[in-house]
Amino acid sequence: MNADAVAVSGVVDLVGVGALGAVAVALGVAVFVVDSMARATFALLGSFVAVAGLLWTLGLAYLGAVTVLMMTVEMAVMAVFMVAFMMNPAGLMPMTMVHAGRSAAAVATTVFVVLVVGVWVVDWSAVVAGASTATGDGMGPTGSAGAAMVEPTLQVGRAVMGSHMLVMLVVGVTLLATILAATVLATDRGRYDRFGDDLSRRRPDDPVTGGLPR
Amino acid sequence: MTAVQPLIDPLTMQVLLSVAAALVAVGVFGALSQQSVVMVMMGLELVVNGVLLAGGGAWAAISPTRPDGQVLVVMGLVVMAVEMAMGFAVVLAIYRARQVDMVDMATDLSG
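Residues numbered from 1 in each chain as written. Chains lettered and ligands numbered in written order. Predicted model: local features only at pLDDT ≥ 70, side-chain atom pairs only at ≥ 80, totals over all residues.

1. Remarks on the overall build of chain B
Reasoning step 1: Within chain B, the regular secondary structure consists of 3 helices and 0 strands.
Reasoning step 2: The helix and strand sequence of chain B, counted from the amino end, reads α-α-α.
Reasoning step 3: Taking 111 residues into account, the globule formula puts the C-alpha radius of gyration at 13 Å, and chain B, at 18 Å, lies well above it.
Reasoning step 4: Seen through its C-alpha atoms, chain B measures out along the principal axes to roughly 65 × 20 × 20 Å.
Reasoning step 5: Across the 111 residues that make up chain B, the buried fraction comes to 59%.
Reasoning step 6: Residue pairs in contact within chain B that sit at least 24 positions apart in sequence constitute 57% of those at least 6 positions apart. (Helix = DSSP H or I, 4+ residues; strand = E, 2+ residues; numbered from the N terminus. Rg over C-alpha atoms; globule rule 2.2 N^0.38 Å. Buried ≥ 20, exposed ≤ 12 C-beta atoms within 10 Å, placed from the backbone. Contact = placed C-beta atoms within 7 Å.)

Following this line, the structure appears as structure tokens:
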């Protein structure tokens, strides 16, 4: 590939990345602008799909696919919760559910400015040069002319089962704890909570008395 | 020693990181300004969405031969799943106990 082709490819990459990024941000803003909570949920899903597309263009096909699959199910669950808990799930009654809007906007603007200034001030070419000559982690040669680029999915799979196994261990235990804790929190008091392990209590042991009898 | 070529140039990475910063900022705004607990969770999701993008962009531009950036993205996905599951569980528990679905009504821990 000659230099012109590389330059054209770079421009296309930049335009594509910028377009997908604009879609991701616009849909992210739409989450807090639209009236309908169902639309807000699907706007958030669209933002995630755009970010998954960006990950895909970076060569991270597996992580992009995981993001799309996970977020599709997650947003479907969230839509159900929206209908269950929001006062105005379909946006039929115009209403605002915002507090401290100005201070929140000021904090968000400050965060954005600080991050963007950092992104554009740092000398990334020096960072890239430093990283490319760093010592590898045993996952294959790095920093040398023969450093073949490992397929990204194979790379992350080997990492979490090898050099980064601590991450996998922590993630596994965390997800197990989440399953247990979420189940305990979400489960209502059942008859064994109210009438004892052998269901022999005559009056139910409720936090607030006056509930239904057996 | 010849340097390994990154997958994207620094300019593209800077655009990606700027988009990630915008997503984080929009998420922060949502998490701070929304009254509904579920909408607050959507703001937090947007923040993590920005982290995912920043992790992927940094991996491709800085060190595509090392898995660290990808592992950060995996961690971000797990954080998102845990936040969602625990958030919904807490919303269910507090709604069942006190009919609370707005953050302004759940100020027990405020100083």
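That covers the picture; the talk isn't over yet.
2. Considering the overall build of chain A
Reasoning step 1: Across its full length, chain A carries 8 helices and 0 strands.
Reasoning step 2: Seen in sequence order, chain A has helices and strands lined up from the N terminus as α-α-α-α-α-α-α-α.
Reasoning step 3: The buried share among the 214 residues of chain A stands at 24%.
Reasoning step 4: Sequence separation of at least 24 residues holds for 46% of the intrachain contacts in chain A that already meet a minimum separation of 6.

3. Details of the interface of chain B and chain A
Reasoning step 1: Each partner contributes to the interface: chain B provides 71 residues, whereas chain A provides 80 residues.
Reasoning step 2: Listed by contribution, the elements that provide at least two residues to the side of chain B that touches chain A are helix 1 (10–33), helix 2 (37–62) and helix 3 (68–98) of chain B.
Reasoning step 3: Considered class by class, the residues forming the side of chain B that touches chain A number 50 nonpolar, 15 polar and 6 charged. (Nonpolar A, V, L, I, M, F, W, Y, C, P; charged D, E, K, R; others polar.)

4. Here we look at the confidence of the model for chain A
Reasoning step 1: Put simply, chain A has an average pLDDT of 83, and 81% of its residues get 70 or more.
Reasoning step 2: Confidence over residues 137–146 of chain A falls short of pLDDT 50; this stretch has 27 contacts with residues more than four positions distant or in other chains. (pLDDT = per-residue confidence, 0-100.)

5. As for the packing of helix 5 (residues 124–132) of chain A against helix 1 of chain B
Reasoning step 1: Between helix 5 of chain A and helix 1 of chain B, the least distance of the axes is 10 Å, while the angle of their chain directions is 110°. Considering their axes alone, helix 5 of chain A and helix 1 of chain B lie roughly perpendicular with respect to each other. Residues W124, S125 and V128 of chain A of helix 5 of chain A form the contact with helix 1 of chain B, whose own contacting residues are P10, M13 and Q14 of chain B.
Reasoning step 2: Residue composition of the contact of helix 5 of chain A with helix 1 of chain B, by class: 4 nonpolar, 2 polar and no charged. (Axes fitted to C-alpha atoms, helices over the stretch in contact; angles between N-to-C directions. Parallel < 35°, antiparallel > 145°, perpendicular 65-115°, else oblique.)

6. A short note on the nonpolar core
Reasoning step 1: Of all hydrophobic cores here, the largest spans 78 residues; its most connected members are V51 and L54 of chain A together with A20, L23, V38 and L53 of chain B.
Reasoning step 2: When residues in this core are grouped by element, the largest group, 17 residues, is from helix 2 of chain B. (Core = buried A, V, L, I, M, F, W, Y, C linked by C-beta atoms within 7 Å.)

7. Brief notes about helix 2 of chain B
Reasoning step 1: Here helix 2 of chain B is 26 residues long and its end C-alpha atoms lie 37 Å apart, about the 38 Å a rise of 1.5 Å per residue gives.
Reasoning step 2: Summarising burial for helix 2 of chain B: 24 of the 26 residues are buried, a large majority. (Expected span 1.5 Å × (residues − 1).)

8. Things to note about the environment of V79 of chain B
All names here are of chain B.
Reasoning step 1: Relative to the elements of secondary structure, V79 occurs in helix 3.
Reasoning step 2: Looking at V79, the number of C-beta atoms within 10 Å reads 18, which means it is partly exposed.
Reasoning step 3: V79 sits 11 residues away from V90 along the chain, and the two C-alpha atoms are 16 Å apart.

9. Considerations on the confidence of the model for chain B
Residues and elements named next belong to chain B.
Reasoning step 1: Summary statistics for chain B give a mean pLDDT of 89 and a share of 95% for residues scoring 70 or more.
Reasoning step 2: Per-element averaging of pLDDT across chain B places helix 3 at the bottom with 91 and helix 1 at the top with 95.
Reasoning step 3: This complex was scored by the predictor with a pTM of 0.85 and an ipTM of 0.91.

10. A short note on unusual backbone geometry
Residue and element names in this part refer to chain A.
Reasoning step 1: Not every positive phi belongs to a glycine, and A100 is a case in point at roughly 50°.
Reasoning step 2: Along the polypeptide, A100 turns up in the loop between helix 3 (61–85) and helix 4 (101–121).
Reasoning step 3: Classification of A100 by C-beta neighbours within 10 Å gives partly exposed; the count is 13.

11. Things to note about the environment of M41 of chain B
Residue and element names in this part refer to chain B.
Reasoning step 1: Within the element layout of this structure, M41 appears in helix 2.
Reasoning step 2: For M41 and F88, which are 47 residues apart along the polypeptide, the C-alpha to C-alpha distance reads 8.9 Å.
Reasoning step 3: The residues contacting M41, other than those within four sequence positions of it, are E83, M84 and G87.

12. Here we look at the environment of V34 of chain A
All names here are of chain A.
Reasoning step 1: On the secondary structure map, V34 appears in the loop between helix 1 (3–31) and helix 2 (37–57).
Reasoning step 2: Using a count of 15 C-beta atoms within 10 Å as the deciding quantity, one classes V34 as partly exposed.
Reasoning step 3: Between the C-alpha atoms of V34 and V17, which are 17 residues apart in sequence, the distance is 25 Å.

13. Here's the deal with the packing of helix 3 of chain A against helix 3 of chain B
Reasoning step 1: Orientation of helix 3 of chain A relative to helix 3 of chain B, taken along the N-to-C sense of each, is 15°, at an axis distance of 12 Å. The orientation of helix 3 of chain A relative to helix 3 of chain B falls into the category roughly parallel. Classified by chirality, the crossing of helix 3 of chain B by helix 3 of chain A is left-handed. Contact residues: L63, V66, T67, M70, E74, F81 and F85 of chain A in helix 3 of chain A; Q70, V73, L77, A81, M84, F88, V91 and Y95 of chain B in helix 3 of chain B.
Reasoning step 2: Among the residues forming the contact of helix 3 of chain A with helix 3 of chain B, the class breakdown is 12 nonpolar, 2 polar and 1 charged. (Left-handed = near helix turned anticlockwise from the far one by under 90°.)

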